[in-house]
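# Working through the structure, step by step
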Amino acid sequence: MRTEVTYAAYLKLDDLLKLQEPRTPDDAADLTTVLSEQFFIVSHQTCELWLKQILGDLAAVEGNFLTMTTTDLERSVDLLCRAGELLRLLHEQLMALERLPLEDFVRFRQYLGTASGAQSSQSHELERVLGSASRSGSLFLAFRAGLERIGADLEEIVGAGVAAGPFHRVVEAMLRVGNGYFQWKIGHVGLVTKMIGEQSGTAGTSGVAYLMDRATMPFTELHELRGKVHERRRRQVG
């Protein structure tokens, strides 16, 4: 007989809900501070879970770019749109973190040691996949390589717009992911500026300056091509 699977067992809730362990000593602060640190931990743990999903979805998209079939391109659109929505959730999560009282953060930050979001390996992996304003990421490189294999031209696809069918939808979805990523990064800069000002990060980084250096828009080549299309059509209209 099959063992019945319960909601708690499927999600491993007993283990999951034990993973939040505030480091603030019970005798060093009131319950509100401990709950604020728990809120801080839950926010970052949730962020890492969403990053796991985003990275998995984008890896699947890169795999689809090896074939460039219509079916795989349409699947890629769905996956890219989902990744874009998850990046929006990460940005909204930052907005929720603004409800962390400064006095509570000051009390428990001393117990974080050198722990810092700058040490997130998944965040660094996402930077590698999406790239930056000065460096193409693996996702764009895979898309461009896939187009080259089938003899398609990226500039023509961008210029054709909706007439390019699934190729156009992939480009639009990639740009949505890039915008979501940029908004998330800028939101992080705003949150950290509000919470610590110009202080250094807990891992010894320059704090806000470190985050600003990484808050760049991916897919530069796609934006440049879109700019060319805009200028060409502006001249036609004018």
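To be clear, the structure that these remarks concern was listed above.
Residues numbered from 1 in each chain as written. Predicted model: local features only at pLDDT ≥ 70, side-chain atom pairs only at ≥ 80, totals over all residues. Heavy atoms only, no water.

Ranked by internal contacts, the top residues of the largest apolar core, which has 58 residues, are Phe65, Leu126, Leu139 and Met174. If you tally residues by element for this core, the top one is helix α9 (residues 166-196), at 14 residues. Beyond its immediate stretch of four places on either side in the chain, leucine 139 contacts Leu58, Val61, Glu62, Phe65, Leu80, Val129, Leu130, Met174 and Phe219. (Core = buried A, V, L, I, M, F, W, Y, C linked by side-chain atoms within 4.5 Å. Buried < 20%, exposed > 50% of the residue type's maximum accessible area, 1.4 Å probe, protein only. Helix = DSSP H or I, 4+ residues; strand = E, 2+ residues; numbered from the N terminus. Contact = heavy atoms within 4.5 Å.)

With 31 residues, α9 should cover 45 Å at 1.5 Å per step; its first-to-last C-alpha distance of 45 Å lies within 8% of that length. Looking one or two places after α9, you find glycine 197, whose phi comes out positive at around 60 degrees. (Expected span 1.5 Å × (residues − 1).)

We now examine the packing of aromatic side chains. Counted according to the given criterion, the structure contains 5 aromatic pairs. Taken together, a centroid distance of 5.3 Å and an interplanar angle of 55 degrees make the contact between phenylalanine 40 and phenylalanine 108 tilted. With phenylalanine 40 in helix α3 (residues 31-64) and phenylalanine 108 in helix α5 (residues 102-109), the pair connects residues that are 68 residues apart, well separated along the chain. Its guanidinium or amino end placed over the ring of tryptophan 184, lysine 185 lies 5.1 Å from that ring's centre, counting from NZ or CZ. (Phe/Tyr/Trp six-rings, centres within 6.5 Å; stacked < 30°, edge-to-face > 60°. Lys NZ or Arg CZ within 6 Å of the ring centre and 35° of its normal.)

One pass over the full model with this rule turns up 12 salt bridges. Residue glutamate 125 is joined to arginine 128 by a salt bridge in which the shortest nitrogen-to-oxygen separation is 2.7 Å. Separated by 3 residues within a single helix, glutamate 125 and arginine 128 lie in helix α6 (residues 121-130), roughly one turn from each other. What makes glutamate 125 partly exposed here is its relative accessible area of 30%. With a shortest N-O distance of 3.1 Å, arginine 144 and glutamate 221 are connected by a salt bridge. Placement of arginine 144 in helix α7 (residues 138-149) and of glutamate 221 in helix α11 (residues 220-237) is noted, with a sequence separation of 77 residues between them. (Salt bridge = Lys/Arg side-chain N within 4 Å of Asp/Glu carboxyl O.)

So far we have only geometry, and geometry alone does not tell us how the molecule works.
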